[in-house]
Amino acid sequence: MRSQSLLRRIDGALIWPMVRKEFLQIRRDRLTLAMLIVIPAMYLVLFGYAVQSEVRHVPTVVYDESHTPESRHLVETMAQTQNFAIVGVVRSRQELATTIQLGRARAAIVVPPDFARSLKTGHVAHVQVIIDAADPMQSAAALSGARLAALVLPAKLDPASARHTPVIDVSVRPWYNPALRSSTYIVPGICGLLLTLSLGVIMAMAIVKEREEGTLEQLIVTPISKTSMLLGKMIPFVLIGYIQLTNVLILGKLFFNVPFRGSLLALYAIAGVFIAANLGVGLLISALSQTQNQAQQLATLMLIPSMLLSGFVFPREAMPVAAQWVGALVPLTYFLDATRGILLRGASFQALWRDVLVLSLMAAGTLALSINRFSKTAS
Amino acid sequence: MTDAISTQSLTRRFGTYMAVDKLDLQIPRGQVFGLLGPNGSGKTTTIRMLCGLLAPTSGAASVAGFDVLHDTDALRLHIGYMSQRFGLYPDLTVRENLRFYASLYGVSGSTGAARCDAVLHELGLIERASQLVGQLSGGWKQRVALACATAHKPPVLFLDEPTAGVDPAARRRFWQTIYTLAECGTTVIVTTHYMDEAERCQRIAFLSRGRLIAIGTPDEVTREFGQETIEDVFISLQRRDEGVLT
């Protein structure tokens, strides 16, 4: 209907009244606001603790090749952390492998023959902990138990001697699940999932409500362009998205000790495009639906691939190719990759440029499509 | 001085259905102009095209000197539109609604605040300014909607069945406001179902099945159809339309 280019239709000055109005409405809608802020916290705590349950007493076998008081002391200290429950002793690597394979034990402590000698001579004493990491919760428990023992033991062994502090190095070999999916791994996922769950729906609802109440038509008669109108409606929800993200991150740090290895600035930058992409999906949903009911159903339909195919629960590498393709269409997939990279591996912004690029394209694409759809429905 | 509204063979088709068929209208400035006709006669479609809400299938129209198809942006600054649904935010107060819509027309800042206060006074809304629109009755909502549609002083004002579901006292007050606006030079185009309202218009146009079938002062139109009142004209037209349909 109007021939101007997309950019010319962004009449910047009119975005702000729109944003102001949206904030006024959000402020009045206390229930939605409370849900947006409180529900992420509830989800995180529930989800996080569910993942953290049964972290103790991992059934463990011992393969002690050192047969020294020191090695026995080590095993005892590990058992004292209560993360390991010693269920038996094995006599060979072969036996160790079968025991874990058959599921009789979930972990094994391997003390090499030179353990005591290394301690005494001031060398690093190596201990190996093998974990059946298919169960991420147990492996996380074994991991922390082993590390704790390694810290505590040297002081116990040689409290009087200050000449050299014995160093024990515990190397953990997770089997079956080398990526070690643990609760710290789940928290970034919850961040992304919550943003996906809430943002698309509230964005779609906010627009469909305007359509149902006749205010959308009234807005179209005013000089504000469709682009400014949609952007103005989006901006307050970007802020809400950031509040949610910050909430989950703080709680994740407090309750689950999620490491913040990488740059928070990079995380927030990526979250910006991710939030925009989700709001774009919400806009698209609102452009396709006439009633709030339809919008709700469409949103639910779009959420399922986000939950199942993004790699939030199941690793994408293990999925059939078709499922991987569908997963590749979901913004959450890229956000998960990026946040896990930043939080857990300390990846730099540069290393994640592909995720950022795809998310930006998704945000721009959904926004452009929605604006296009809106122009058509109005004429 | 050009006409406030002028259309040439303005046509809109929905599929095979002719909503508006080759409509030619000239409405001079400062008039209260009534657009009448039974349901489905094309009144609302015409208004929507004149507001730039709906693209015509063919033909042309200009409103306040702007082409509805090509000068939509400029057009929108110079018209006010009030629909029968009022288009207000129930969860915002009267003043917030007014300030919001006014600011979309560039009536913002301290001049905007002053202008909004003036409008609130003029329409007797000042005591209700802090009330949520959702808590108001139909008559009050109607006044708020009129305030929102006129805060930017548009030279052309469209009212699409503005008095539907509003009590008689409120309707009378509403019409007084409309006359005041017209005296100040605003061209007002109003569609209505109430025939007493039609007789208040300076000129009326009758639409039937998308076609203009009569135009003139209310007296001229009643005479042309050989009827006593506008209402009789309306009923005879409706009977004719329904006769065709069944």
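All of the points below concern the structure found in this document. (Residues numbered from 1 in each chain as written. Chains lettered and ligands numbered in written order. Predicted model: local features only at pLDDT ≥ 70, side-chain atom pairs only at ≥ 80, totals over all residues. Heavy atoms only, no water.)

Turning to the interface of chain B and chain A, a few remarks are in order. Each side of the interface is counted separately: chain B has 30 residues, and chain A has 27 residues. Regarding the contact of chain B and chain A, the summed buried area is about 2700 Å², with carbon and sulfur atoms giving 56% of it. Area buried by chain B at its contact with chain A is led by Arg76(B), Tyr89(B) and Leu104(B), which between them contribute 23% of it. The tally of links from chain B across to chain A stands at three salt bridges. With a closest N to O distance of 2.1 Å, Arg48(B) and Glu217(A) form a salt bridge. Our count for the chain B to chain A interface comes out at ten residue pairs in polar contact (both at pLDDT 80 or more). Broken down by secondary-structure element, the contributors of at least two residues to the side of chain B that touches chain A are helix 2 (72–77), strand 6 (79–82) and helix 3 (94–104) of chain B. (Contact = heavy atoms within 4.5 Å. Buried area = accessible area lost by both parts, 1.4 Å probe. Salt bridge = Lys/Arg side-chain N within 4 Å of Asp/Glu carboxyl O. Polar contact = N/O pair within 3.5 Å; in protein donor to acceptor, adjacent residues only side chain to side chain. Helix = DSSP H or I, 4+ residues; strand = E, 2+ residues; numbered from the N terminus.)

Our focus in this paragraph is helix 11 (residues 292–309) of chain A. Along an α-helix, a turn takes 3.6 residues, which lines up residues three or four apart on a common side. Taking 1.5 Å per residue, 18 residues should reach 26 Å; helix 11 of chain A reaches 26 Å between its end C-alpha atoms and fits that length. Along helix 11 of chain A, the residues classified as buried are Ala295(A), Ala299(A), Leu303(A), Ser306(A) and Leu309(A). (Expected span 1.5 Å × (residues − 1). Buried < 20%, exposed > 50% of the residue type's maximum accessible area, 1.4 Å probe, protein only.)

Now for the pairing of strand 1 (residues 5–14) of chain B. All names here are of chain B. Here strand 1 runs beside strand 2 (residues 17–27); their pairing, made up of seven bridges, is antiparallel. Looking across to strand 2, one finds that Ser6 is bridged to Gln26. Between strand 1 and strand 2, which pair antiparallel in sequence order, lie two residues; one of them, Gly15, sits at a positive phi of approximately 65°. Of the strand pairs in this sheet, strand 1 and strand 4 (residues 58–63) are connected by five bridges, and their pairing is antiparallel. Looking at strand 4, one finds that Thr7 is bridged to Ala61. (Pairing = 2+ DSSP bridges.)

The next point concerns the sheet that holds strand 2 of chain B. All names here are of chain B. On the basis of which strands lie adjacent, the open sheet formed by four strands has the order 2-1-4-5 and antiparallel pairing. At either end of the open sheet lies a strand with only one pairing partner, and these are strand 2 and strand 5 (66–67). Relative to strand 5, strand 4 runs antiparallel, the two being bridged by two bridges. Bridge assignment links Val63 to a residue of strand 5, and that residue is Phe66.

Another aspect to go through is the pattern of salt bridges. If you walk through the whole model with that rule in mind, you get twelve salt bridges over all chains. Note that Lys209(A) and Asp91(B) form a salt bridge whose closest N and O atoms lie 3.9 Å from each other. Within this pair, whereas Lys209(A) is found in helix 7 (residues 183–213), its partner Asp91(B) is found in the loop between strand 6 and helix 3, the two belonging to separate chains. Judged by relative accessible area, which is 30%, Lys209(A) ranks as partly exposed.

A separate point is the packing of helix 3 of chain B against helix 5 (residues 138–150) of chain B. Residue and element names in this part refer to chain B. Where helix 3 meets helix 5, the closest approach of the two axes is 8 Å, and the angle between their N-to-C directions is 25°. Judged by the angle between their axes, helix 3 and helix 5 are roughly parallel. Helix-helix and strand crossings are classified by hand; for helix 3 and helix 5 the assignment is right-handed. Residues Val94, Asn97, Leu98 and Tyr101 of helix 3 pack against Val144, Ala147 and Cys148 of helix 5. When the residues that make up the contact of helix 3 with helix 5 are grouped by side-chain class, the tally is six nonpolar, one polar and no charged. (Axes fitted to C-alpha atoms, helices over the stretch in contact; angles between N-to-C directions. Parallel < 35°, antiparallel > 145°, perpendicular 65-115°, else oblique. Left-handed = near helix turned anticlockwise from the far one by under 90°. Nonpolar A, V, L, I, M, F, W, Y, C, P; charged D, E, K, R; others polar.)

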